[in-house]
Amino acid sequence: MDFDPSTLKYNDAGLIPAIAQDAHSGEVLMMAWMNAQAVVKTLETGRVTYWSRSRQSFWIKGESSGHIQELIEMRIDCDRDCLLVRVNQTGAACHTGRRTCFYTLVEDGAERITQEKMV
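Residues numbered from 1 in each chain as written. Predicted model: local features only at pLDDT ≥ 70, side-chain atom pairs only at ≥ 80, totals over all residues. Heavy atoms only, no water.

Engineer: Any chance you could break down the environment of Ala20 for me, citing the residues and the numbers?
Structural biologist: Inspection of the secondary structure puts Ala20 in strand β1 (residues 16–22). Sequence-wise, Ala20 and Ala32 are 12 residues apart; in three dimensions their C-alpha atoms are separated by 8.1 Å. If sequence neighbours within four positions are ignored, Ala20 has contacts with Glu27, Val28, Leu29, Met30, Tyr50, Gln69 and Val85. (Helix = DSSP H or I, 4+ residues; strand = E, 2+ residues; numbered from the N terminus. Contact = heavy atoms within 4.5 Å.)

Here's what the structure looks like:
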């Protein structure tokens, strides 16, 4: 079966959430948004490309930071309204300089930082 990005379910802004996961460890790295063109660019180049809502432009992960996400595989969830991109991550995935964006643990009614910034 051929893949057609127009068959995905985008929100009213034309975006679909994409969860980045380390292809080797299974660690969830981050969540960002893609539009149909970002999906196509990601598949064509093998470099994960998101849509920046704040800049209203394409954001090729690692283009300025060097923290590249190389696409290993893309998966579609059962409702076709969320993507999983399994990646080889170079450096930090989070803009805070941490390996993952999910470094804050909520436990017993309190928040705790579980990960230091990468050097």
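Engineer: I'd like a rundown of the state of the cysteines, residues and numbers included.
Structural biologist: Counted by the stated rule, this structure contains 0 disulfides. Between Cys78, a free cysteine, and Cys82, which holds the nearest cysteine sulfur, the sulfur-to-sulfur gap is 9.8 Å. Residue Cys78 is classed as exposed on the basis of its relative accessible area of 76%. With no disulfide of its own, Cys94 has Cys101 as its nearest cysteine by sulfur position, at a separation of 3.5 Å. Note on Cys94: relative accessible area 5%, which makes it buried. (Disulfide = S-S within 2.5 Å. Buried < 20%, exposed > 50% of the residue type's maximum accessible area, 1.4 Å probe, protein only.)

Engineer: Tell me about the nonpolar core, and name the residues and values.
Structural biologist: Counting 18 residues, the largest nonpolar core has Met30, Met34, Val48, Tyr50, Met74, Leu83 and Val85 as the members making the most contacts within it. Those elements giving two or more residues to this core turn out to be β1, β2 (28–34), α1 (36–45), β5 (69–76) and β6 (83–89). Among the elements that line this core, the one with the most residues is β2, at 4 residues. With near-sequence residues (within four places) excluded, Met74 lies in contact with Met34, Val39, Thr42, Leu43, Leu83, Leu84 and Val85. (Core = buried A, V, L, I, M, F, W, Y, C linked by side-chain atoms within 4.5 Å.)

Engineer: Go over the sheet that holds β2, please, and point to the residues and values.
Structural biologist: Pairing is mixed in the open sheet, where 4 strands are placed in the order β2-β1-β6-β5. The open sheet is flanked by β2 and β5, the only strands paired with a single partner. Looking at each pair of strands side by side, their axes are set apart by 30 degrees on average, direction ignored. Where α1 meets the sheet, it contacts β2, β5 and β6, and its direction lies at approximately 120 degrees from that of β5. (Pairing = 2+ DSSP bridges. Axes fitted to C-alpha atoms, helices over the stretch in contact; angles between N-to-C directions.)

Engineer: Tell me what's going on with the layout of surface pockets, and back it up with residues and numbers.
Structural biologist: Roughly 450 Å³ of volume is contained in the largest pocket. As for the largest pocket, its lining consists of 23 residues, and the residues nearest its centre are Met30, Arg55, Trp59, Lys61 and His95. If you list the elements that add at least two residues to the lining of the largest pocket, you get β2, β3 (49–52) and β4 (57–60). Here the lining of the largest pocket is built from residues that sort into 12 nonpolar, 7 polar and 4 charged. (1 Å grid on protein atoms, 1.4 Å probe; cavity = no way out; pocket = protein on both sides within 12 Å on 5 of 7 lines; lining within 4 Å. Points joined across faces, edges and corners; volume = space filled by probe spheres on them. Nonpolar A, V, L, I, M, F, W, Y, C, P; charged D, E, K, R; others polar.)

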